[in-house]
Amino acid sequence: MIGAVERDASTAAHDAAAPLMKRATYAAVAVAALLIALKLFGWVLTGSVSVLSSLLDSLLDIAASLVNLVAVHHAVTPADREHRFGHGKAEPLAGLGQSAFIAGSAVFLFIEVLHRVLNPVTIENSRIGIGVMVFSIVVTIVLVRYQRYVVAQTDSLAIGADELHYRSDLALNLGVIATLAIGYLFRVPLLDPLFGGAVGLWIIYSAAKIARLSLVQLMDRELPDEERARVRAIAEGHPQVTAVHDIRTRVAGPTAFIQLHLEMDGGISLLRAHEISDAVEAQLQAAFPHAEIMIHEDPAGIEERVVFPPRTAAR
């Protein structure tokens, strides 16, 4: 009975996370579309490579956010007959797509930077460019705060990746403002393309970071050591659990999967072993509300051997 209640609690947590994640993706697409229109206007009037670099970043933002929208829609879809472990890996796949988009933009930006270094141009209408970037910062701050709230509630990798590069946009936009202001005051035309090149390097770094986070999930890497230690401590905290072994964990999108073996007195009844297992599962579910938990009961002192299938002869 306890296990059924906890599984219902896990389902409820999943159902609560789904609308939050979807609203976050809608908000990201809407903000990116607004910023693209503003920055395109600013770039046309100023011809600034710095503004162009920010425009390219926003174009990538909307592409990545659209990928996220599709990925999150699949990731929050409940498990079905063909996908018994859910659709969570749609999120890290989206993360890889984001990293490809982000890295690809840097190539175009570096080409424009090289052109402007060889052919310096004084930026015109710097005040318009600065106004556009100030507004962009305000809108981005609102979006980032909302995304951080959603990530705190859902542990979503896709929303977290989106929040990461929108957060990096804040530093980028501040740099654009500084570049336009200094270039306008001191007439330094090379400052604009050099800043654009620095932004390109930052874009490459961001792409690598998102790709690494995505690969961690796609390769079914274990939860961090401190989280695994927490799982062990909770399981071994039950007075009738003798030991815990074979803890296995992984993450797929917003859902963590935790498997472990509980060792108990071999003389107790199967019903009592089941009750103890349910009690441990309840405690683990409370600590990891977005986790799917599977527990196997073992009699204490029975050594388990892992037997691999025999190697087949080469034909």
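Structure's up top.
The structure presented is a predicted model; accordingly, all values stated were derived computationally and were not measured.

**Structural notes on the packing of aromatic side chains**
By convention here, two paired aromatic rings are described through the distance between centres and the angle between planes.
Here comes step 1: Overall, the coordinates contain zero aromatic pairs when judged by the stated rule.
Here comes step 2: The ring of Phe288 has Arg230 lying over it, and the distance from NZ or CZ to the ring centre is 4.9 Å.
Here comes step 3: Taking the ring centre of Phe257 as reference, the NZ or CZ of Arg250 above it sits at 4.2 Å.

**Brief notes about the environment of Ile137**
Here comes step 1: One can find Ile137 in helix H4 (residues 126-154).
Here comes step 2: We classify Ile137 as buried; its relative accessible area is 13%.
Here comes step 3: C-alpha of Ile137 to C-alpha of Leu35: the two residues are 102 residues apart in sequence and 9.7 Å apart in space.
Here comes step 4: The residues touching Ile137, leaving out its near neighbours within four places in the chain, are Leu170, Asn173, Leu174 and Ile177.

**Things to note about empty space enclosed by the protein**
Here comes step 1: Inspection of the entire model under this criterion finds two cavities of 30 Å³ or more.
Here comes step 2: As a volume, the second largest cavity reaches approximately 40 Å³.
Here comes step 3: If you list the elements that add at least two residues to the lining of the second largest cavity, you get helix H5 (157-186) and helix H6 (191-218).
Here comes step 4: At three residues, the largest contribution of residues to the lining of the second largest cavity is made by H6.
Here comes step 5: The residue inventory of the lining of the second largest cavity, partitioned by class, reads three nonpolar, three polar and one charged.

Conventions used here
- Residues numbered from 1 in each chain as written.
- Predicted model: local features only at pLDDT ≥ 70, side-chain atom pairs only at ≥ 80, totals over all residues.
- Heavy atoms only, no water.
- Phe/Tyr/Trp six-rings, centres within 6.5 Å; stacked < 30°, edge-to-face > 60°.
- Lys NZ or Arg CZ within 6 Å of the ring centre and 35° of its normal.
- Helix = DSSP H or I, 4+ residues; strand = E, 2+ residues; numbered from the N terminus.
- Buried < 20%, exposed > 50% of the residue type's maximum accessible area, 1.4 Å probe, protein only.
- Contact = heavy atoms within 4.5 Å.
- 1 Å grid on protein atoms, 1.4 Å probe; cavity = no way out; pocket = protein on both sides within 12 Å on 5 of 7 lines; lining within 4 Å.
- Points joined across faces, edges and corners; volume = space filled by probe spheres on them.
- Nonpolar A, V, L, I, M, F, W, Y, C, P; charged D, E, K, R; others polar.

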